[in-house]
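A closer look at the structure
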Amino acid sequence: MGELLYSCQGVDFHYPLGELSVHALKSIDLTIEEKEFVALAGPSGSGKTTLLNLLGLVEPLKIGEIAMENYRFQTLGERELNRIRRFHIGFIFQNFHLNNALTAYENVEYFLFRQNIPRQQRAQRVQQALELVGLKGKESHRPLELSGGQKQRVAIARALAKEPKVIIADEPTASLDQDTGREIMEILRRLNKEQGVTVILASHDTMVLESVERVIRLVDGRVVA
Ligand code: ADP
Ligand code: MG
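Because the structure is predicted, anything quoted here is derived from the model rather than measured. In every chain, residue numbers begin from 1 and rise along the written sequence. Naming scheme: in the order in which they are written, chains are lettered from A and ligands are numbered from 1. Local features in this predicted model are restricted to residues whose pLDDT is 70 or higher, and side-chain atom pairs enter the listing and the counts only when it is 80 or higher, whereas totals over whole chains, interfaces and linings include all residues. Water and hydrogen atoms play no part in the side-chain values, which are based on all heavy atoms of the structure.

1. Some details on the nonpolar core
Definition in use: Only buried residues count toward a nonpolar core, which is a set of Ala, Val, Leu, Ile, Met, Phe, Trp, Tyr and Cys residues joined through side-chain atoms within 4.5 Å. When accessible area is computed with a 1.4 Å probe and restricted to protein chains, residues below 20% of their type maximum are described as buried, those above 50% as exposed, and intermediate ones as partly exposed. The secondary structure listing takes helices from DSSP runs of H or I that are at least 4 residues long and strands from runs of E that are at least 2 residues long, numbered from the N terminus. Between two residues, a contact is recorded if the distance between any of their heavy atoms is within 4.5 Å.
Judged by nonpolar contacts, the single largest core of 39 residues is most densely connected at Val 108, Ile 156, Met 185 and Leu 201. Of all the secondary structure elements, the ones that give two or more residues to this core are strand E3 (37–41), helix H3 (104–114), helix H4 (119–132), helix H5 (148–161), strand E7 (166–170), helix H6 (178–195), strand E8 (198–202) and helix H7 (206–210). The leading source of residues in this core is H5, at 7 residues. What Met 185 contacts, discounting residues up to four positions off in sequence, is Phe 37, Thr 173, Leu 201, Met 207, Val 208, Ser 211 and Val 212. Ranked by size, the runner-up nonpolar core spans 30 residues in total, among them Cys 8, Val 11, Leu 55 and Phe 91.

2. Things to note about the pairing of strand E9 (residues 214–219)
Note the cut-off: When DSSP finds two or more bridges between two strands, those strands count as paired.
Both E3 and E9 contribute to a ladder of 4 bridges, which runs parallel. Across the sheet, residue Ala 41 finds its bridge partner in E9, namely Arg 217. Summarising the sheet, E9 and strand E10 (residues 222–223) pair through 2 bridges and their orientation is antiparallel. Across the sheet, residue Val 219 finds its bridge partner in E10, namely Arg 222. In sequence, E9 turns back onto E10 through a hairpin of 2 residues, with Asp 220 there showing a positive phi of about 50°.

In structure tokens, the structure reads:
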């Protein structure tokens, strides 16, 4: 048994929707260990994105408990949550969220400014991250000069350069062709094995689900196995 990274208890989530609300997560209990390579699976609308957003501090937790190591999200203020976001979580959004005005290099460097990493160390980390995802030589390209797969690599490098405890990726292959998707999964797998970073992703792609160690299945906002 490895060390526990995440533990969730009784996590519920409602989206307000006019007079009604959508009950997106229902009483989620789960644990994820350090260095795991795990996927959330389930049909569209089953709550995968919502759960990733709560784990990644993209959405505020309102009901239930989520702990990352000793950080209990429900007890922390915005300042502390920001620090966790900034240092410990590398989030990869479904549509990349790259800044089109910045080069690949600058996109990766961006979060390191916010971590106050000194210049020289920053340069080293950016180069290393770009190399690890196979983007050496593309440093000065802007997102519009990159393919979908290359943009996804920039997004992975940006997450990785933070040296986070966890990389969270929402449907990392959804906007890519099959071969490119496979390459992206190999990169994530390698980062998990060689750098020891925990990877949590959401997908309904069979290729993705076959390449992870554990699948957590969601149906209608509940964990089913
Ligand atoms: P998945 O990622 O598995 O497709 P989501 O977490 O995106 O599922 O959505 C779970 C449920 O919450 C769905 O019923 C979806 O329609 C609803 N939902 C998601 N985002 C919103 C939103 N911003 N406002 C209202 N309902 C939402
Ligand atoms: Mg989703």
